[in-house]
Amino acid sequence: MLSSMHSTLGAFISPMLRRPKRLQMAALCHRGQGDDKEYLLVTSRDTGRWIIPKGWPVRGLKSNETALQEAWEEAGVKNSSASAQPIGRYNYQKHLGGGYAVPVETLVYSVAVNELSDDFPEAHERTRKWVSATLAAAMVQEPELKAIFCAR
């Protein structure tokens, strides 16, 4: 009886104690058409794993504008446009200082790349690489982001 009540109480209270997901915006940068279409991946600054440019909301910018800003800062994408609506979303655990992690939901915007600069804010902190959707899906770690590439 006591364990049943403990289980029920835990199921009721546990969701109220969870932290809400934080929100980021990401840019799925691409160039080319059909079989020649490629996607731009960058390395993360902390672990060096392959990711797409993403970041926290920026006051005064719409979500797709934030994604475009991140594409500039992290990958040197310029003179390009982002879709008005997200083309997908994925979730991951953002590891902060001290081993603390927070859940993050990331809205993904399509960015058709017109120009790429070699001189951009994080050029000396990241590596970038153009790859096929299949290779991108194999390189990124987040299952829902893999699925976005597999759908391309």
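Residues numbered from 1 in each chain as written. Predicted model: local features only at pLDDT ≥ 70, side-chain atom pairs only at ≥ 80, totals over all residues. Heavy atoms only, no water.

A. Molecular detail of the side chain of E74. Within the element layout of this structure, E74 appears in helix 2 (residues 63-75). Of the residues examined, E74 reaches a relative accessible area of 5% and is grouped as buried. Sequence-distant contacts of E74, defined by excluding residues within four places in its chain, comprise V42, I52, P53, K54, F120, E122 and R126. (Helix = DSSP H or I, 4+ residues; strand = E, 2+ residues; numbered from the N terminus. Buried < 20%, exposed > 50% of the residue type's maximum accessible area, 1.4 Å probe, protein only. Contact = heavy atoms within 4.5 Å.)

B. Inspection of the pairing of strand 2 (residues 38-43) at higher detail. Where burial is concerned, most of strand 2 is hidden: five out of the six residues are buried. Bridge analysis of strand 1 (residues 22-31) against strand 2 gives two bridges, and the strand direction is antiparallel. Within strand 2, the position partnered with H30 by the bridge is Y39. The hairpin formed by strand 1 and strand 2 contains six residues between the paired strands, and G32 there has a positive phi angle of roughly 85°. Where strand 2 and strand 10 (residues 128-131) come together, four bridges link them in antiparallel fashion. (Pairing = 2+ DSSP bridges.)

C. The packing of aromatic side chains, seen in detail. If you walk through the whole model with that rule in mind, you get two aromatic pairs. On the basis of an interplanar angle of 80° and a centroid distance of 5.5 Å, the ring pair of Y39 and F149 is categorised as edge-to-face. Of this pair, Y39 sits in strand 2 while F149 sits in helix 4 (residues 143-150); the two residues are 110 residues apart in sequence, bridging distant segments of the chain. Just as Y39 is buried, F149 falls in that class too. Both rings, one in Y90 and one in Y92, keep their centres 6.0 Å apart while their planes meet at 35°; by these two values the pair is tilted. The exposure classification of Y90 matches that of Y92, with both residues buried. Lying across the ring of W56, R22 places its NZ or CZ 6.0 Å from the centre. (Phe/Tyr/Trp six-rings, centres within 6.5 Å; stacked < 30°, edge-to-face > 60°. Lys NZ or Arg CZ within 6 Å of the ring centre and 35° of its normal.)

D. Region of the structure containing the layout of surface pockets. Quantified by volume, the largest pocket comes out at close to 420 Å³. Lining the largest pocket we find 20 residues, and of these S44, D46, K54, Y92 and K94 sit closest to its centre. Mapped onto the lining of the largest pocket, the elements with two or more residues apiece are strand 4 (54-55), helix 2 and strand 7 (88-95). The greatest single-element share of the lining of the largest pocket, amounting to four residues, is contributed by strand 7. (1 Å grid on protein atoms, 1.4 Å probe; cavity = no way out; pocket = protein on both sides within 12 Å on 5 of 7 lines; lining within 4 Å. Points joined across faces, edges and corners; volume = space filled by probe spheres on them.)

No statement about biological role is implied by the geometric values presented.
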